[in-house]
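Understanding the architecture of this molecule
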Amino acid sequence: MKLIEQKTIDMVVEEARVSSRKRKNFNYHVHLSDPINRMLNALEPGTYVQPHKHEDPDKREVFVILTGRMGVFIFDDHGNVIETAVLDRDAGVYGIEILPGTWHAVVSLAPGSVVYEVKDGPYEPLSDKNFAAWAPKEGAPEAAAYLASLEKLIG
């Protein structure tokens, strides 16, 4: 049995808080080859996740909010935002399933934001994500302004 406990959430939040990337995963799957990847994903405000999709093979991805608030963006093939959602337990929006091959990105809207993430495996680090060419790369000088523009869309 694998529990999702407050002490584990607190640990991963603290690791995200002190991380240079302002995010951290805690995996529940043991092997990267597992057909279903399950993890806590802690994201702090200011972290930038470059829009991406999972394809070849196509993978669906599910986020269930445990603590905090997170924004989710769905894009068309040209980088236009076509859907948004705010995952917020207090507002009664608990999770989202992102269909395979869908451009998406997430942002943290509150300190200590953690989702339970489920994604089709296996995890192949070199090919897991197809990053959008129309969005700044993580660490690029223009990434902060792009992140701010996304955050303005959902307040």
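Details of the structure are given in the entry above.
All of the points below concern the structure found in this document.

Definitions and cut-offs
- Residues numbered from 1 in each chain as written.
- Predicted model: local features only at pLDDT ≥ 70, side-chain atom pairs only at ≥ 80, totals over all residues.
- Heavy atoms only, no water.
- Helix = DSSP H or I, 4+ residues; strand = E, 2+ residues; numbered from the N terminus.
- Buried < 20%, exposed > 50% of the residue type's maximum accessible area, 1.4 Å probe, protein only.
- Pairing = 2+ DSSP bridges.
- Polar contact = N/O pair within 3.5 Å; in protein donor to acceptor, adjacent residues only side chain to side chain.
- Contact = heavy atoms within 4.5 Å.
- Core = buried A, V, L, I, M, F, W, Y, C linked by side-chain atoms within 4.5 Å.
- Phe/Tyr/Trp six-rings, centres within 6.5 Å; stacked < 30°, edge-to-face > 60°.
- Axes fitted to C-alpha atoms, helices over the stretch in contact; angles between N-to-C directions.

So, about the environment of Lys-119. Inspection of the secondary structure puts Lys-119 in strand 9 (residues 113–120). Judged by its relative accessible area of 4%, Lys-119 is buried.

Turning our eyes to something else, we now look at the pairing of strand 9. Counted residue by residue, strand 9 has seven buried out of eight residues, so it is predominantly covered. Bridge count between strand 2 (residues 36–43) and strand 9: eight bridges; the pairing is antiparallel. Looking across to strand 9, one finds that Asn-37 is bridged to Lys-119. Note that strand 4 (residues 61–67) and strand 9 share six bridges and pair antiparallel.

This brings us to the side chain of His-54. On the secondary structure map, His-54 appears in the loop between strand 3 (52–53) and strand 4. Its relative accessible area of 1% is what places His-54 among the buried residues. Within the structure, the side chain of His-54 is placed 3.4 Å from the side chain of His-52, a separation counted as a polar contact. The contact partners of His-54, leaving out residues within four places of it in the chain, are Lys-59, Glu-61, Pro-100, Gly-101, His-104, Lys-119, Asp-128, Lys-129 and Asn-130.

What follows concerns the nonpolar core. By size, the foremost hydrophobic cluster in this structure holds 13 residues, and its most contacted members are Tyr-48, Phe-73, Phe-75, Val-107, Ala-135, Tyr-146 and Leu-150. Among the secondary structure elements, those contributing two or more residues to this core are strand 5 (69–75), strand 8 (103–108) and helix 2 (143–154). Residues in contact with Phe-75, not counting those within four places in the same chain, are Pro-51, Asn-80, Val-81, Ile-82, Trp-103, His-104, Ala-105, Trp-134, Tyr-146 and Leu-150.

With that settled, consider the side chain of Lys-59. With respect to the helices, strands and loops of the structure, Lys-59 is situated in the loop between strand 3 and strand 4. Given the relative accessible area of 5%, Lys-59 is considered buried. Sequence-distant contacts of Lys-59, that is, excluding residues within four places in its chain, are made with His-54, Leu-99, Pro-100, Gly-101, Lys-119, Asp-120, Gly-121, Pro-122, Tyr-123 and Asp-128.

Before going further, it helps to examine the packing of aromatic side chains. Under the defined criterion, the tally for this structure stands at six aromatic pairs. Where Tyr-48 meets Tyr-146, the ring centres are 6.1 Å apart and the plane angle is 85°; that geometry is what we call edge-to-face. Taken as a pair, Tyr-48 in the loop between strand 2 and strand 3 and Tyr-146 in helix 2 lie far apart in primary sequence, 98 residues in all. By relative accessible area, which is 17% here, Tyr-146 ends up buried. Look at Trp-103 and Trp-134: their rings are 5.5 Å apart centre to centre, the planes differ by 70°, and that puts the pair in the edge-to-face class. With Trp-103 in strand 8 and Trp-134 in the loop between strand 10 (130–131) and helix 2, the pair connects residues that are 31 residues apart, well separated along the chain.

Here we take up the sheet that holds strand 7 (residues 95–98). An order of 1-2-9-4-7 is seen for the five strands of this open sheet, with the pairing classed as antiparallel. In this open sheet, the two edge strands, each paired with only one partner strand, are strand 1 (23–27) and strand 7. On average, each strand axis in the sheet is inclined to that of its neighbour by 25°, with strand direction left out of account. As paired strands, strand 4 and strand 7 are joined by four bridges and run antiparallel to one another. Following the sheet pairing, Glu-61 is matched in strand 7 by Ile-98. Running at roughly 145° to strand 1, helix 1 (residues 6–18) makes contact with strand 1, strand 2, strand 4 and strand 9 of the sheet.

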